[in-house]
Each structure stands twice: as C-alpha cells, then as structure tokens.
Amino acid sequence: MSKNLQLEAELLTSLKGSLIASCQPVDNGPMDKVEHIVAMALAAVAGGAKGLRIEGVENVRAVASITKVPIVGIVKRDLNDSPIRITPYVEDVIALAKAGAKIIAFDGTDRARPVDCLTLLATIHEQGCIAMADCADYKMGRLLFNAGCTFIGSTMSGYLDLSNTPNEPDYKLVSDLAEVGVPVIAEGRYNTPERAAIGMQMGAHCVTVGSAITRIEHITNWFVDSIESQARA
C-alpha cells in the first residue's frame, strides 16, 4: 500500500518551521509515568510545539486521546542480538498506529537488525501512517527518502559518532540532505534555542528538542556541573 498522500501533505505543511517536543523522561526515573508524560505533552503544546515525539504504545495512546497535535510514535527496545533500539519490529509499527501515532519513526541506520528498513516502511504505509527514518548519515537518509520515507531525522548521528563534532548537532547532515530536497527533522543535541535556530538555517524542515525540555535530571545536571566547576575554580 502506498503512503497516505493527503496526510503527508498536511504534516509537511503543519510541521514546517516548527518545534517537535520529545516527551521522553529518563527511563525508570520519577517522571517516567504515563500521567507525567501526558502533562509534559500538554505543557509543550501550550508553549507552541506543533508536534510531539512519544515513546511507548501506552504513552502514545494516552497522549493521542487528549490532543490532536501529530505524534511521532516510537517503541524502544534493548535487544540481545541487535543494536537497533527504535521501533525494531513490525508489531511495534502496528501497535503504534493503532494507538494514534500519525508519524512512526524507526532506526534508519545500516546495522544488523531483526527486520529490514523497507519492510518497516511498507508496514507503516499499510497502516495509513507517515514514515520517519532516524538516520546517522547522508547515504542512508537519501536511500530511505527515495524509498518513501516522508521525513528523515538526523537523530542517530550523535549515537553512532559519525559527526566530526560529537558534542554539537550534526549540522552538516541536515544541510546535505536539505540541499537535495529531503524534509529533514533536525534532532540530536539541539539543546539550546540558538542551536535550534542554526538547524533551521541549515535547511531543516523542523527541529525536535527533547532533553532540554523534558528531562529534568539532565537540565539540573547541566546547571550543577556549571556551578560546581566555578565553585572549584
């Protein structure tokens, strides 16, 4: 089944030049509860986010029930036989679609995996949803866009350390893909408004921000490290 062209057009328009807030608390932390994730999502939308990235079928279902803002749904798994964590299985795609995700993201890296990317992509389209590939390099991003992914995320470049600037966003990946007409979602270490603005300057379709908005532990630690380094000076 081909992609839902009407939904694709709507999402390309509604998300252009916008913020997607990734409401993913620290695993097993005090904020890692459905009701807290719903509250984060509502707060992010109140602040102007036009999209939400939500992990877990139960969380997607809960958030989808209280907002019409498009959800990028993912399932994270820790597999024994593969490094792939983001939406590795066909059943994950189907469950996310039924829960209310409009966009379903999957790991788009060239690594050993339980299900190949094109099968996941086909399943996303069969479910009437739009596909996003979380990529780490230009080659896979271009390949998966040509195969039918509507959005390509720069998400995985930081995890695979393919960027020459591992502590900063991979602006070059965003720029290279944007130059050939790929709708890129800039994601990964966009943890300041200034970095988000640069992502847009590089040609991003929109920007996803997570830790700097929704991970209290990380934000607190940034300030603690800064304060303590000055106290030791």
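Residues numbered from 1 in each chain as written. Predicted model: local features only at pLDDT ≥ 70, side-chain atom pairs only at ≥ 80, totals over all residues. Heavy atoms only, no water.

Asker: Any chance you could explain the overall build of the protein chain here in plain terms?
Answerer: Tallying secondary structure elements over the protein chain gives eleven helices and eight strands in all. Against the compact-globule benchmark of 17 Å for 233 residues, the protein chain has a radius of gyration of 17 Å, which places it among compact chains. By its C-alpha atoms, the protein chain is 60 × 40 × 40 Å across when sized along the principal axes. Buried residues in the protein chain amount to 48% of all 233 residues. The contacts in the protein chain between residues at least 6 apart in sequence include a share of 59% that link residues at least 24 apart. Entry remark: accessible area of the protein chain is about 11100 Å², with carbon and sulfur atoms responsible for 54%. Positive and negative side-chain charges in the protein chain, numbering 21 and 27 respectively, have mean positions lying 4 Å apart. (Helix = DSSP H or I, 4+ residues; strand = E, 2+ residues; numbered from the N terminus. Rg over C-alpha atoms; globule rule 2.2 N^0.38 Å. Buried < 20%, exposed > 50% of the residue type's maximum accessible area, 1.4 Å probe, protein only. Contact = heavy atoms within 4.5 Å. Areas by Shrake-Rupley, 256 points an atom, 1.4 Å probe, with all protein chains shown as cover. Lys, Arg positive; Asp, Glu negative; His and termini not counted. Charge placed at Lys NZ, Arg CZ, Asp CG, Glu CD.)

Asker: Honestly, the nonpolar core in this entry has me stumped. Any pointers?
Answerer: Residues Leu52, Phe106 and Leu144 are the most contacted members of the largest nonpolar core, which totals 48 residues. Considering each element in turn, this core owes the most residues, five residues, to helix 2 (residues 34-46). Contacts of Phe106, omitting those with residues within four sequence positions, involve Ile86, Thr87, Arg113, Cys117, Leu120, Ile124, Ala131, Met132, Ala133, Asp134, Leu144 and Cys149. Val72, Ile103, Met156 and Cys206 belong to the second largest nonpolar core, which has 16 residues in total. (Core = buried A, V, L, I, M, F, W, Y, C linked by side-chain atoms within 4.5 Å.)

Asker: When you look at a nonpolar patch on the surface in this model, what are you seeing that I'm missing?
Answerer: On the surface, Trp222, Phe223 and Ile227 cluster together into a nonpolar patch covering about 350 Å² of accessible area. Mapped onto the elements, Phe223 comes out in helix 11 (residues 216-232). (Patch = residues over 30% accessible without salt bridge, like charges linked within 9 Å, V, L, I, M, F, W, Y side chains within 5 Å. Salt bridge = Lys/Arg side-chain N within 4 Å of Asp/Glu carboxyl O.)

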